[in-house]
Amino acid sequence: GNAGEIAVIPSQFLVTKVSDRTSVGLAITAPLGGAMDFGDDFVGRYGAEKVALQGVGISPSVGYKVNDQLAVGAGVSLIYTLFEQDVAINLPGPAPDGKARLEDAEDWGYQPFLGLTYAFSDDVTLGVVYRAEMDVNLDGDVKFDGVPLPNDDVKVEWNNPQWLEAALTFRLEANYFMAFNLGWQDWSEFSENEITLTPGVVVLDRDWKDTWRAGIAFGHFDGSEGWSFGLIYDSSPVSDNDRTIDLPMDETWQLGASYFVDEDESLSYAFATSLMYLGDGKVDQTSQGVRFKGDFEKNLILTLGATIRYNF
């Protein structure tokens, strides 16, 4: 079956100049998120039946043009995180499974970011973005079904990784361009998850590691319309031996394409699509005394997007 969840993800962006050199901006986006629903009969239900992670980021920022070559920017993302998870409980004998439901685990946090662009020439531009680490401290409820345990408060803690990304863009002849991307994300900081229930603390070490990414893009823009396509690769944050079913992350390959139009000086719009292959996602995990092993047959995510921009 399909464990994936369909999601509609809106984003809004506003930028305005306050002087010839300074601009301020505000973005409202979904910087993180994902959901899987494996069902009550899933063979790995003692690891996870259902997982949902959602985030909304409000990001004010400021940019400053130092000179014709260099521009710098900075801001902070105020991020609301919501995490929920259902896990079946393996009861002895012929008794049906119980269930533990982690609900409404939420937190507000902040994540600063810095950026710069540098034009080596009219045809070659470098862009660099750094995003700092963010502490996530979720407070929620855990509820039990079919087992003689009282409902309780729960705390879940982890660190969202810092990351660094850079891209070089080359303008070629006849209004064509090419771009190359490299990036690093500090996923080893996310590895240690802490869950606090009365009366103790459980620390889950996922044994995650840092990841890197590389990409290439090619496109054309003639002043009124254009197109682009690109390919990007992200390494896996976890080895096959340590992967767990609640976060079965693997390497990813993403192929994307776009078509964009400038109607006039005020209005432009774009359409885009991408197909992401998420690797095999092999899992060999023992939870509550039950071992389950396998991989994902069709581990794909398809996205469709549209953007409209209007200059007031």
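As a reminder, the structure under discussion sits directly above these lines.
Residues numbered from 1 in each chain as written. Predicted model: local features only at pLDDT ≥ 70, side-chain atom pairs only at ≥ 80, totals over all residues. Heavy atoms only, no water.

Student: Help me get a handle on the side chain of Gln 185, residues and values and all.
Tutor: Inspection of the secondary structure assignment puts Gln 185 in strand β11 (residues 176-185). Under the relative-accessibility criterion, Gln 185 is labelled buried at 18%. In this structure the side chain of Gln 185 is engaged in a polar contact, spanning 2.8 Å, whose partner is the side chain of Trp 187. In this structure Gln 185 touches Gln 162, Trp 163, Asp 210 and Thr 211, once residues within four positions along its chain are discounted. (Helix = DSSP H or I, 4+ residues; strand = E, 2+ residues; numbered from the N terminus. Buried < 20%, exposed > 50% of the residue type's maximum accessible area, 1.4 Å probe, protein only. Polar contact = N/O pair within 3.5 Å; in protein donor to acceptor, adjacent residues only side chain to side chain. Contact = heavy atoms within 4.5 Å.)

Student: Could you give me a rundown of the side chain of Asn 299, with the residues and numbers involved?
Tutor: Mapped onto the elements, Asn 299 comes out in the loop between β19 (290-294) and β20 (300-310). A distance of 3.0 Å separates the side chain of Asn 299 from the backbone oxygen of Gly 279, its partner in a polar contact. The residues contacting Asn 299, other than those within four sequence positions of it, are Met 276, Tyr 277, Leu 278, Gly 279, Asp 280 and Gly 281.

Student: So, the packing of aromatic side chains: which residues are in play, and what are the values?
Tutor: A ring pair, where both rings are aromatic, is described by two values, the distance of the centres and the angle of the planes. Enumeration over the complete set of coordinates arrives at 19 aromatic pairs. On the basis of an interplanar angle of 90° and a centroid distance of 5.8 Å, the ring pair of Phe 83 and Trp 158 is categorised as edge-to-face. Here Phe 83 is found in strand β5 (residues 70-89), whereas its partner Trp 158 is found in strand β9 (residues 152-160), with 75 residues between them in sequence. What makes Trp 158 buried here is its relative accessible area of 7%. Through a chain of ring-to-ring contacts, three or more aromatic side chains come together here, namely Phe 83, Trp 158, Trp 187, Phe 190 and Trp 208. (Phe/Tyr/Trp six-rings, centres within 6.5 Å; stacked < 30°, edge-to-face > 60°.)

Student: Explain a negative patch on the surface to me, using residue names and the numbers behind them.
Tutor: A grouping of Glu 133, Asp 135, Glu 189 and Asp 210 is seen on the molecular surface, where their side chains present a negatively charged patch. Mapping Asp 210 onto the fold places it in the loop between β13 (200-205) and β14 (211-221). (Patch = residues over 30% accessible without salt bridge, like charges linked within 9 Å, V, L, I, M, F, W, Y side chains within 5 Å. Areas by Shrake-Rupley, 256 points an atom, 1.4 Å probe, with all protein chains shown as cover. Salt bridge = Lys/Arg side-chain N within 4 Å of Asp/Glu carboxyl O. Lys, Arg positive; Asp, Glu negative; His and termini not counted. Charge placed at Lys NZ, Arg CZ, Asp CG, Glu CD.)

Student: Please give an account of the layout of surface pockets that cites residues and values.
Tutor: If you add up the space inside the second largest pocket, you get close to 240 Å³. Mapped onto the lining of the second largest pocket, the elements with two or more residues apiece are β16 (252-262), β17 (267-277) and β20. Top element by residues in the lining of the second largest pocket is β17. It accounts for five residues. For the lining of the second largest pocket, the class distribution of residues is eight nonpolar, four polar and two charged. (1 Å grid on protein atoms, 1.4 Å probe; cavity = no way out; pocket = protein on both sides within 12 Å on 5 of 7 lines; lining within 4 Å. Points joined across faces, edges and corners; volume = space filled by probe spheres on them. Nonpolar A, V, L, I, M, F, W, Y, C, P; charged D, E, K, R; others polar.)

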